[in-house]
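Letter by letter, the chains look like this.
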Amino acid sequence: MIPILSPTHTKALIDRSRLFATTAFDRADKADATATIDSTLWSEFHRSGLAMAAFPERLGGSGLCENERQGVLCTVLRMVGAGDLSIARLFEGHVNAISLVCRYGTEAQIASLAIDVADGATAGVWGADDAAGLTIVGAGNAAELRGRKILASGAGFVTRPIVTAKAGDDQLMCLLRLALDYPVDLSGWTAQGMRSTATGAVELSGIAVGGDEIVGVAGDFMRQPYFSGGAWRFCAAHLGAMERLVDLFRDHLISRGRGEDPYQLQRVAHCVAAARTARFWVEEAARRFGSDDKDASAVVGFTNMTRMVTERSALDIMEAVQRGVGLPSFIRPSPIERICRDLATYLRQPVPDLAMSDAARSWLRSSVSVGDF
Ligand SMILES: Cc1cc2nc3c(=O)[nH]c(=O)nc-3n(C[C@H](O)[C@H](O)[C@H](O)COP(=O)(O)OP(=O)(O)OC[C@H]3O[C@@H](n4cnc5c(N)ncnc54)[C@H](O)[C@@H]3O)c2cc1C
C-alpha cells in the first residue's frame with residue numbers, strides 16, 4: 001500500500017517550492033540575458049527537495065508521480081512556472097523521466113536513478129529526432145546507439161536522460177548515464193524565448209545500451225494514456241506563467257493609477273477569467289490523469305482539450321497584458337517582456353492541431369453528453 005503523504009509533508013514541500021520559485025523569479029532576468037542555466041540555482045533546486053520529489057517516499061522522495069499526488073505536482077509546476085518557465089521546462093522533463101522509469105523500469109533502474117539524483121544529477125526526456133533519428137545498432141553486448149537527439153533541453157547539463165531510439169520498427173527507451181563533458185551543440189538555439197534551457201543537439205553515437213539501459217518494452221514510451229495525458233504537466237507550467245503575468249498586470253495598473261479605467265477593467269476581467277478557466281481545466285486534467293480507474297481514451301481526450309484551452313487562454317492573456325501595459329511590456333528587463341517571450345515559445349508543443357481535432361473526434365464518436373465529457 002502506498003503511504004499517504006502527511007499534510008505537514010505536503011505543506012513543507014509546497015512552502016519549499018514557493019521559496020525556490022521566488023528565487024528562480026529573482027534570477028530569471030540574468031539567466032535569460034546570458035542564456036545559461038544558473039548552476040547555483042540548480043543546487044538550490046536539489047537542496048529544496050524538489051529534485052527528489054517525484055520519487056516514492058521509500059527512496060527519499062515525496063511520491064509526486066503517484067496517482068493521488070498529481071494535484072500537488074500541479075501546484076508545484078504552477079509555482080515553478082510562475083518563477084521561471086525555463087526552469088519549469090527542465091523540472092517538467094526531470095519529473096517526466098523519473099515517472100517513466102518508475103512506471104516502466106526495474107527496481108534496480110529506479111534505485112540507481114534515485115541515487116544519482118540524490119547526488120546532484122538531473123534527468124530529462126529527449127524524444128525529438130532529426131531526419132536520421134537515433135537508432136540502436138548491433139545486438140546483445142555489442143548494442144550501441146547511433147545518431148543524435150535534437151531539441152534536447154538541458155543539453156550539457158542533464159546527465160541522466162531517457163532517450164527514445166529505434167530498433168528496427170520498435171521504439172525503445174534508454175536511460176543513459178552521461179559524463180558531464182559529452183558533446184552538445186547549442187548553436188541552433190536562437191529561439192525568441194526559453195533561452196536559458198540549454199536546448200540543443202546531443203551526439204550519442206557509440207554509447208553502449210544493454211539491459212541496464214533499456215527501460216520497459218517496445219512501445220512503452222508512447223503508451224496511453226500516459227504519453228498524451230501527461231501533457232497536463234506542461235499546461236500547468238504555462239498556467240503558472242499566465243498567473244504571474246496577470247498579477248504583474250495588476251501591479252502595473254495600480255502603480256500607474258490606471259486601474260479604474262473601464263477598458264482596463266474589461267481587460268482585467270478577461271485575464272482573470274482566462275487564467276481561472278485554464279486552472280479549472282488543468283487541475284481537472286491532473287485529477288483525471290491520477291484517477292485509479294481512468295478510462296485511457298477519455299483521459300487523452302480531456303488532456304488534448306486542456307491543451308487547446310490553455311493555449312487560447314495564454315494567447316488571450318498575453319495580448320491583453322501587452323495592450324493594457326503598452327510599450328513598457330516590450331522593454332527589457334521588464335519581467336512581462338521576458339515571460340511573454342518564454343510563454344509564446346514554450347506554448348509551441350507537438351501537433352496542437354491533431355490534439356484539438358482528436359479531442360473533438362473523440363467526443364463526436366462518443367455517446368456521452370458534453371457535460372460529462
Ligand atoms: C523550450 C523547449 C524545450 C524543448 N525541450 C525538449 C526536450 O527536452 N526533449 C524533446 O524531445 N523535445 C523538446 N522540445 C521539443 C518539443 O517537444 C516539440 O517537439 C516542439 O516544441 C514542437 O514544436 P513545433 O511547433 O515545431 O511542432 P509541430 O508539431 O511541428 O507543429 C507546428 C504546426 O504544424 C502543425 N502540424 C504538425 N504536424 C503536421 C502535419 N503532419 N501536417 C500538417 N500540419 C502539421 C501543428 O498542428 C502546428 O500547427 C522542446 C521545445 C521547446 C519549445
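Residues numbered from 1 in each chain as written. Predicted model: local features only at pLDDT ≥ 70, side-chain atom pairs only at ≥ 80, totals over all residues. Heavy atoms only, no water.

(A) View of the site of the ligand. Around the ligand, 18 residues are found, and the nearest of them are Gly127, Leu151, Ser153, Arg348 and Val351. Ser153 places a polar side-chain atom, nitrogen or oxygen, 2.7 Å from a nitrogen atom of the ligand. Protein chains shield 58% of the accessible area of the ligand, which is 960 Å² for the free molecule. Of all the secondary structure elements, the ones that give two or more residues to the shell around the ligand are strand 1 (123–126), strand 4 (148–152) and helix 11 (352–364). Class assignment of the residues belonging to the shell around the ligand gives a composition of 10 nonpolar, five polar and three charged. (Near = heavy atom within 4 Å. Polar contact = N/O pair within 3.5 Å; in protein donor to acceptor, adjacent residues only side chain to side chain. Areas by Shrake-Rupley, 256 points an atom, 1.4 Å probe, with all protein chains shown as cover. Helix = DSSP H or I, 4+ residues; strand = E, 2+ residues; numbered from the N terminus. Nonpolar A, V, L, I, M, F, W, Y, C, P; charged D, E, K, R; others polar.)

(B) Geometry of the sheet that holds strand 4. Taken in spatial order, the three strands of this open sheet run 4-8-7, and their pairing is antiparallel. Bordering the open sheet on either side are strand 4 and strand 7 (184–185), each of which pairs with just one other strand. Where strand 7 meets strand 8 (residues 200–203), two bridges bridge the pair, whose relative direction is antiparallel. Residue pairing in the sheet places Asp185 in a bridge with Ala201 of strand 8. (Pairing = 2+ DSSP bridges.)

(C) Focus on the UniProt feature "domain: Acyl-CoA dehydrogenase/oxidase N-terminal" (unreviewed entry) in the protein chain. The feature "domain: Acyl-CoA dehydrogenase/oxidase N-terminal" (unreviewed entry), as given by UniProt, occupies residues 10–120 in the numbering adopted here. Here residues 10–120 is 72% helix and 0% strand, with 22 Å between the C-alpha atoms at its ends. (UniProt positions renumbered as here; feature names shortened; annotations may be inferred.)

(D) Quick peek at the domain arrangement of the protein chain. Taken domain by domain, the protein chain consists of domain 1 (7–122), domain 2 (124–215) and domain 3 (226–372). Centre-to-centre separation of domain 1 and domain 3, based on C-alpha positions: 22 Å. Across the interface of domain 1 and domain 3, roughly 2200 Å² is buried in total on both sides, 57% from carbon and sulfur atoms. Taken together, the elements giving at least two residues each to the side of domain 1 that touches domain 3 come down to helix 1 (7–34), helix 3 (70–83) and helix 4 (85–104). In terms of residue class, the side of domain 1 that touches domain 3 is built from 10 nonpolar, five polar and eight charged. (Domains from an automatic or database assignment. Buried area = accessible area lost by both parts, 1.4 Å probe.)

(E) The nonpolar core, seen in detail. The biggest cluster of nonpolar side chains holds 104 residues, and the ones touching the most others in it are Leu145, Ile162, Trp232, Ile317 and Leu343. Looking at this core, the element that brings in the most residues is helix 7 (residues 232–255), giving 13 residues. Setting aside residues up to four positions removed in sequence, Ile162 forms contacts with Ala97, Leu100, Val101, Gly124, Val125, Trp126, Met173, Cys174, Leu175 and Val215. (Core = buried A, V, L, I, M, F, W, Y, C linked by side-chain atoms within 4.5 Å. Buried < 20%, exposed > 50% of the residue type's maximum accessible area, 1.4 Å probe, protein only. Contact = heavy atoms within 4.5 Å.)

(F) How the structure looks around the UniProt feature "domain: Acyl-CoA dehydrogenase/oxidase C-terminal" (unreviewed entry) in the protein chain. What UniProt calls "domain: Acyl-CoA dehydrogenase/oxidase C-terminal" (unreviewed entry) maps, in this numbering, to residues 230–344. Here residues 230–344 runs as 80% helix and 0% strand, with 20 Å between its end C-alpha atoms.

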